[in-house]
Amino acid sequence: MSPVHRLLVRVLPLLLSALLAGCGAPAARDAAEGDVREAVAAWSRTPPAQLAGIPLEGWAYEVSSVRRYGERATARAELRYRLTGYDTAPAGSAREVLLSRDGADGTDGGRWRVTGDRAAPGAPPQLWDQGRVEVVKGAHALVLGVGQSPQTLSAVAAEAERAVPAASAAWPREWAGRVVVLVPGSLERMAQLLGRPVVEYRGMGAVTTGRVGAAKAPADRVVVNPEGWAELSAAGRGVVLTHEVTHVATRAATTARTPLWLSEGFADWAAYRGGTTTARQAAPALGRAVQRGELPAALPADEAFAFGGDPEALARAYEGAWLACRLIAAKWGDATLVRLYERAGREPLATALEETIGGDLPGLTLAWQAGLREELGGE
């Protein structure tokens, strides 16, 4: 037998064994992955204890991938759930589920069990990741809080109960007429929930989440900044919450076309509507600018509403937007302002203005500037 033949006799059985072992490995891996998926499915049939009291439905984890590390595994999954009576479509959350396998011998016969659950890397946490959730439910509002006193959550719920009818009165169109309010334990935890830097929310009372123009989507969440909320007066809290609830009410009519001066100004108009607050009282930053001779040359641009910059400039943008919507309602009527909002979300602003107030943007701007001089000018 030649040396080559002797080499082949020795090597071929080894190659065949390796090939057969390789063919069996995927089957073993698939079986183990199936066991992990089944363990996640069994565990996720019951929501965690810290969610007790929250009206939930459709709670499920859909596993997309599994990674094993010996007797431990990590499953990437998408959590789907609805808040009963509030969400018209499932809310989603990217999660990481941690598992370990029972049995010290490390055999494949050991059972997998879930040992932990957290937000996936890069995904914002859910409120319950921050602690046990306390629930206050009213006729119009569902308030969920972590790390807050019962008195604080009850006070937020009371404001929300008043805000929903106020928003409905300003926006006489069909909407859910209900709101979900989240109250985290701190400004930092609020920023975590929203997945944004803390600086963007410092000094704010609340913000609203949601996708513009969405017909079938999870309900918007109004997220309260507990630090900013604590600094507000009773009247200020009512204004802030009505403003945010109005964003919820108008969501379906709001699109990328809607100028921010109109969406933010309308929300403030709804919040101040029917009250006795004057322009000087509610627009101090803009009043100071006008009195310095710095009359705005145009209605606030979208970029003027960005947070994290000059707070005085941001205040002027909101105040100017409110006074523009207040002017339209006073001169052409509340119903005209509502129609303008609807049309501006689906057609060019120039067309919407022509079809509602019978004018154009330069004409509206001149009327707005005249109102600023009259109401805010002088001492």
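Q: Which residues make up the overall build of the protein, and what values do they have?
A: Scanning the protein for helices and strands turns up twelve helices and nine strands. In the protein, which comprises 379 residues, the proportion classed as buried is 44%. Within the protein, residue pairs in contact and separated by at least 24 positions form 64% of the contacts whose partners lie at least 6 positions apart. Accessible surface, the protein: about 18700 Å² in total, of which carbon and sulfur atoms supply 54%.

Q: Residues and numbers for the sheet that holds strand S3 (residues 91–101), please.
A: Strand order in the open sheet formed by four strands is S1-S2-S3-S4, and the pairing between neighbours is antiparallel. In this open sheet, the two edge strands, each paired with only one partner strand, are strand S1 (56–69) and strand S4 (112–119). Strand-to-strand twist across the sheet, computed as the mean angle between neighbouring axes with direction ignored, equals 30°.

Q: Account for the pattern of salt bridges, naming residues and giving values.
A: For the coordinates displayed, the defined rule picks out 16 salt bridges. Its salt-bridge partner being Glu96, residue Arg67 comes within 3.7 Å of it at the nearest N-O pair. Of this pair, Arg67 sits in strand S1 while Glu96 sits in strand S3; the two residues are 29 residues apart in sequence, bridging distant segments of the chain. Using a relative accessible area of 5% as the deciding quantity, one classes Glu96 as buried. Salt-bridge contacts for Asp129 lead to Arg95; the nearest nitrogen and oxygen are separated by 2.7 Å. Linking Asp129 in the loop between S4 and strand S5 (134–137) with Arg95 in strand S3, this pair joins segments that are 34 residues apart in sequence. Assessed through its relative accessible area of 32%, Asp129 is described here as partly exposed. The structure contains a network of salt bridges with shared partners spanning Arg67, Glu96 and Arg118.

Q: Account for helix H12 (residues 361–376), naming residues and giving values.
A: Its 16 residues give H12 an end-to-end C-alpha distance of 21 Å, which sits within 8% of 22 Å, the value for a rise of 1.5 Å per residue. Buried residues along H12 sit against helix H6 (260–272), helix H7 (279–282), helix H8 (284–291), helix H9 (311–332) and helix H11 (349–356). For H12, the side-chain oxygen to backbone nitrogen distance between the N-cap and Gly363 is 2.8 Å, and the N-cap itself is Asp360.

Q: An account of the sheet that holds S5 is requested, with residue identities and associated values reported.
A: With respect to topology, five strands assemble into an open sheet ordered S5-S6-S7-S9-S8, the strand pairing being mixed. Bordering the open sheet on either side are S5 and strand S8 (206–208), each of which pairs with just one other strand. Shown here is a sheet whose adjacent strand axes are inclined to one another by a mean of 20°, direction ignored. Here S5 runs beside strand S6 (residues 141–145); their pairing, made up of four bridges, is antiparallel. Bridge pairing links Val136 to Val143 in S6. Packing against the sheet, helix H3 (residues 187–194) makes contact with S8 and strand S9 (221–224), and its axis sits at approximately 155° to S9.

What counts and what doesn't
- Residues numbered from 1 in each chain as written.
- Predicted model: local features only at pLDDT ≥ 70, side-chain atom pairs only at ≥ 80, totals over all residues.
- Heavy atoms only, no water.
- Helix = DSSP H or I, 4+ residues; strand = E, 2+ residues; numbered from the N terminus.
- Buried < 20%, exposed > 50% of the residue type's maximum accessible area, 1.4 Å probe, protein only.
- Contact = heavy atoms within 4.5 Å.
- Areas by Shrake-Rupley, 256 points an atom, 1.4 Å probe, with all protein chains shown as cover.
- Pairing = 2+ DSSP bridges.
- Axes fitted to C-alpha atoms, helices over the stretch in contact; angles between N-to-C directions.
- Salt bridge = Lys/Arg side-chain N within 4 Å of Asp/Glu carboxyl O.
- Expected span 1.5 Å × (residues − 1).
- Polar contact = N/O pair within 3.5 Å; in protein donor to acceptor, adjacent residues only side chain to side chain.

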